[in-house]
Amino acid sequence: MSVICFDGVSKQFAVRAGRGTASANYAVRGLSLQVAQGELVAVVGKTGCGKSTMFNLLIGLTAASSGSVAVLGHDPFRDFAGLAGKVGVVFQGDRLLPWRSALANVEYGLELLKAPRENRAQVARHWLHKLGLESHMDKYPHALSGGMRQRVSIARAFATDPEILLCDEPFSALDEINAALLRNELRRLVKESNKTGMLVTHSIREAMDVGDRILVLRAPGHLVADFRVADMLATVGGAALKRQILEAMGQDAGPQEAGAAVGAAA
Ligand SMILES: Nc1ncnc2c1ncn2[C@@H]1O[C@H](COP(=O)(O)OP(=O)(O)OP(=O)(O)O)[C@@H](O)[C@H]1O
Ligand SMILES: [Mg+2]
């Protein structure tokens, strides 16, 4: 069984175009994809192609207009409770609680899941340690660097031991060196615990570093390519894979663009 399954999913938003006229625009249209247990999938596509809408459908923040979304066999919108504790989410901003220390922020997810009080601090310390934050546990978010804050949010996601880890542009606010460190860390953590993961990103470099598979979306949110990274690297090589991803996205593969993150943040 697929851990994540989109079957012919569309999402429309009502748009008011002047007085009295209303139309419905598709943010996602006819999206079908599957992710198997243990796979780490990167999703790329130009700005506005529907990545975040797909992500919001996946985490149950919004309902599909048609088609079906299933996560571990549950509809994430209608059966949100059925997925409690099974899905960990890392957003673009760290979304930490400013009045709580790093340690207390990581404990927070465990409190929500009603984990035994005596375990919470121990589990939170373990994950902060794993992410290299042992000497920063008692600091508040304002006293941490951007990279450290993003590490705390990754620790918070892993502390609840979810089966699935979902990330929407988690590293896009970081400098390239920190982003590279953290994505390697993310891949290592997902792989060593045999979790299933999905990473939405603007960066082809990031997608190639992290993903077992790279899914390319085009507007309005539908799948145009599905690359198996290891196979592609072994057959055509990295440069050709990058070119094919750019082509699938509908981006010109100019000499300077081919190596850079594609598409500025909206
Ligand atoms: N709540 C909304 N109401 C109306 N239109 C929306 C809404 N959310 C998204 N859209 C539209 O749906 C399309 C897809 O948006 P989405 O945020 O999913 O793109 P994205 O691929 O995540 O872009 P980016 O890379 O810039 O984050 C866009 O045209 C956007 O304007
Ligand atoms: Mg987005």
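Residues numbered from 1 in each chain as written. Chains lettered and ligands numbered in written order. Predicted model: local features only at pLDDT ≥ 70, side-chain atom pairs only at ≥ 80, totals over all residues. Heavy atoms only, no water.

### Brief notes about the overall build of the protein chain
Turning to step 1, where the next piece is worked out: Helix and strand counts for the protein chain stand at eight helices and nine strands.
Turning to step 2, where the next piece is worked out: Scaling as 2.2 N^0.38, a compact globule of 266 residues should have a C-alpha radius of gyration of about 18 Å, and the protein chain matches this with 19 Å.
Turning to step 3, where the next piece is worked out: Buried residues in the protein chain amount to 49% of all 266 residues.
Turning to step 4, where the next piece is worked out: Partitioning the intrachain contacts of the protein chain with sequence separation of at least 6 by distance along the chain shows that 66% fall at a separation of at least 24.
Turning to step 5, where the next piece is worked out: Of the accessible surface of the protein chain, which amounts to about 12500 Å², a share of 51% is contributed by carbon and sulfur atoms.
Turning to step 6, where the next piece is worked out: Across the protein chain, the 30 positively charged side chains and the 26 negatively charged ones have centroids separated by 5 Å. (Helix = DSSP H or I, 4+ residues; strand = E, 2+ residues; numbered from the N terminus. Rg over C-alpha atoms; globule rule 2.2 N^0.38 Å. Buried < 20%, exposed > 50% of the residue type's maximum accessible area, 1.4 Å probe, protein only. Contact = heavy atoms within 4.5 Å. Areas by Shrake-Rupley, 256 points an atom, 1.4 Å probe, with all protein chains shown as cover. Lys, Arg positive; Asp, Glu negative; His and termini not counted. Charge placed at Lys NZ, Arg CZ, Asp CG, Glu CD.)

### A few points about the confidence of the model for the protein chain
Turning to step 1, where the next piece is worked out: Looking at the protein chain as a whole, its pLDDT mean stands at 90, while 92% of the residues score no less than 70.
Turning to step 2, where the next piece is worked out: The least confident element of the protein chain, judged by mean pLDDT, is helix α5 (residues 176-192) at 89; the most confident is strand β8 (residues 213-218) at 98.
Turning to step 3, where the next piece is worked out: Low confidence marks residues 256-266, where pLDDT is under 50. Its contacts with residues over four positions away, or in another chain, come to 18 contacts. (pLDDT = per-residue confidence, 0-100.)

### Quick look at the packing of helix α3 (residues 117-130) against helix α4 (residues 146-159)
Turning to step 1, where the next piece is worked out: Running from N to C, α3 and α4 cross one another at 130°; their axes reach a closest spacing of 9 Å. Classed by the angle they form, the pair α3 and α4 counts as oblique. In this structure, the crossing between α3 and α4 has a hand that is right-handed. Touching Val 123, Trp 127 and Leu 128 of α3 are Val 152, Ala 155, Phe 158 and Ala 159, all from α4.
Turning to step 2, where the next piece is worked out: Residue composition of the contact of α3 with α4, by class: seven nonpolar, no polar and no charged. (Axes fitted to C-alpha atoms, helices over the stretch in contact; angles between N-to-C directions. Parallel < 35°, antiparallel > 145°, perpendicular 65-115°, else oblique. Left-handed = near helix turned anticlockwise from the far one by under 90°. Nonpolar A, V, L, I, M, F, W, Y, C, P; charged D, E, K, R; others polar.)

### Details of the side chain of Arg 213
Turning to step 1, where the next piece is worked out: With respect to the helices and strands, the residue Arg 213 is situated in strand β8.
Turning to step 2, where the next piece is worked out: Among the polar contacts made by the side chain of Arg 213, one reaches the side chain of Glu 39 at a distance of 2.9 Å.
Turning to step 3, where the next piece is worked out: Aside from chain neighbours lying at most four places away, what touches Arg 213 is Gln 34, Val 35, Glu 39, Leu 40, Val 41, Ala 42, Asp 226, Phe 227, Arg 228 and Val 229. (Polar contact = N/O pair within 3.5 Å; in protein donor to acceptor, adjacent residues only side chain to side chain.)

### Notes on the environment of Lys 195
Turning to step 1, where the next piece is worked out: For Lys 195, the location among the structural elements is in the loop between α5 and β7 (196-200).
Turning to step 2, where the next piece is worked out: Look at Lys 195 and you get buried, because its relative accessible area is 4%.
Turning to step 3, where the next piece is worked out: Separated by 155 residues in sequence, Lys 195 and Leu 40 place their C-alpha atoms 8.1 Å apart.
Turning to step 4, where the next piece is worked out: From its side chain, Lys 195 meets the backbone oxygen of Pro 162 in a polar contact 2.9 Å long.

### A word on the packing of aromatic side chains
Here a ring pair, both rings aromatic, is described through the centre-centre distance and the interplanar angle of the planes.
Turning to step 1, where the next piece is worked out: Evaluation of the coordinates by the stated rule reveals two aromatic pairs.
Turning to step 2, where the next piece is worked out: Arranged with centres 6.3 Å apart and planes meeting at 75°, the rings of Phe 55 and Phe 91 form a pair that is edge-to-face. Here the residue Phe 55 occupies a position in helix α1 (residues 51-58), and Phe 91 occupies one in the loop between β5 (87-90) and α2 (102-112), the gap between them amounting to 36 residues.
Turning to step 3, where the next piece is worked out: Among the residues examined, Phe 55 registers a relative accessible area of 0% and is labelled buried. (Phe/Tyr/Trp six-rings, centres within 6.5 Å; stacked < 30°, edge-to-face > 60°.)

### Considerations on the pattern of salt bridges
Turning to step 1, where the next piece is worked out: As enumerated under the stated definition, the model contains 15 salt bridges in all.
Turning to step 2, where the next piece is worked out: Two residues, Glu 206 and Arg 183, come together in a salt bridge whose shortest N-O distance is 3.2 Å. You can see Glu 206 sitting in helix α6 (residues 204-210) and its partner Arg 183 sitting in helix α5, a full 23 residues away along the chain. In this pair, the class of Glu 206 matches that of Arg 183, namely buried.
Turning to step 3, where the next piece is worked out: One salt bridge in this structure joins Glu 185 and Arg 188, with 3.2 Å as the shortest N-O distance. Residue Glu 185 and its partner Arg 188 are located together in helix α5, separated by three residues, close to a single helical turn. (Salt bridge = Lys/Arg side-chain N within 4 Å of Asp/Glu carboxyl O.)

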